[in-house]
Amino acid sequence: MKLIVIVIFIGVTVKCKAFSLDYYDAGPDFDRPLDNDSEEDSNQECYGNKLHACALDIVKSNTRALRYNICIMKYSHSNQGSDDNSADKCGKALYIDSAPIRECAKGKRGTELLKYYGEEIIKANLKHVSHIQINGVKNDGKHFMRNVCAAFAEPPTECQDIL
């Protein structure tokens, strides 16, 4: 049996000015179109989301990309989202070259990737991020590993102590 776990943590937010009015916020005001007149200083959140999207695109291992993205969220120096300093620090710690990720986030590819993830969130009819599904069933993440292990018809040995 193949287990499918989906974790979505990149969202298109009202603060991100990268899109036209047909893109929607993934926060509490999900049905409100993006405001292209939002404040300039809030673009850091948009840039942080682009760093995450670019890492998922560039780092070939989803597990390594996820670890990198968690790290850059944790070590943000600006306290306003992921930034270049945290991207470099985590790249060094995890042996991931952060330069192409930063270049992607600052360029057209970063905007394209963020648009793609925004469209996927809308298609999935998600009302917020982060969002977790295990075999298509929404999960609140409270007992994540136990729920992942329970989803296996024949749990692997790693799940013995968890179940």
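Notes on the structure in this doc start here. (Residues numbered from 1 in each chain as written. Predicted model: local features only at pLDDT ≥ 70, side-chain atom pairs only at ≥ 80, totals over all residues. Heavy atoms only, no water.)

With respect to helix 4 (residues 99–106)
Among the residues of helix 4, I101, C104 and A105 are the ones counted as buried. Buried residues of helix 4, viewed axially, fall in a sector of 95°; they line one side. Exposed and facing more than 90 degrees away from the buried side of helix 4 are E103 and K106. Contacts made by the buried residues of helix 4 are with helix 1 (43–58), helix 2 (62–74) and helix 5 (108–123). (Buried < 20%, exposed > 50% of the residue type's maximum accessible area, 1.4 Å probe, protein only. Helix = DSSP H or I, 4+ residues; strand = E, 2+ residues; numbered from the N terminus. Arc of directions from axis to C-beta. Contact = heavy atoms within 4.5 Å.)

Observations regarding the environment of C104
As for its position among the elements, C104 is in helix 4. Apart from the residues lying within four places of it in its own chain, the contact partners of C104 are C54, I58, R109, G110 and L113.

Quick notes on a nonpolar patch on the surface
On the surface, a nonpolar cluster with roughly 250 Å² of combined accessible area is contributed by L66, I70 and M73. Within the secondary structure layout, M73 lies in helix 2. (Patch = residues over 30% accessible without salt bridge, like charges linked within 9 Å, V, L, I, M, F, W, Y side chains within 5 Å. Areas by Shrake-Rupley, 256 points an atom, 1.4 Å probe, with all protein chains shown as cover. Salt bridge = Lys/Arg side-chain N within 4 Å of Asp/Glu carboxyl O.)

Some thoughts on helix 2
With 13 residues, helix 2 should reach 18 Å at 1.5 Å per residue; the first-to-last C-alpha distance of 18 Å fits that figure. Within the span of helix 2, buried status applies to A65, Y68, N69, C71 and I72. Along the axis of helix 2, the buried positions cluster into a sector of 160°, meaning they face one direction only. Facing away from the buried side of helix 2 by over 90 degrees, the exposed positions are N62, R67 and K74. Tucked into the core, helix 2 has its buried residues touching helix 1, helix 3 (84–94) and helix 4. (Expected span 1.5 Å × (residues − 1).)

Notes on unusual backbone geometry
Positive phi outside glycine occurs at Y95, with the angle close to 55°. For Y95, the position within the fold is in the loop between helix 3 and helix 4. Residues other than glycine seldom take positive phi values, yet N135 does so here, at roughly 50°. Here N135 is to be found in the loop between strand 2 (131–134) and strand 3 (137–139).

Some words on the state of the cysteines
As enumerated under the stated definition, the model contains 3 disulfides in all. Between the sulfur of C71 and that of C90 lies a disulfide, 2.0 Å long from S to S. Residues C71 and C90 are joined by a disulfide whose S-S torsion is about -80°; by sign, that bridge is left-handed. Here C71 is found in helix 2, whereas its partner C90 is found in helix 3, with 19 residues between them in sequence. (Disulfide = S-S within 2.5 Å.)

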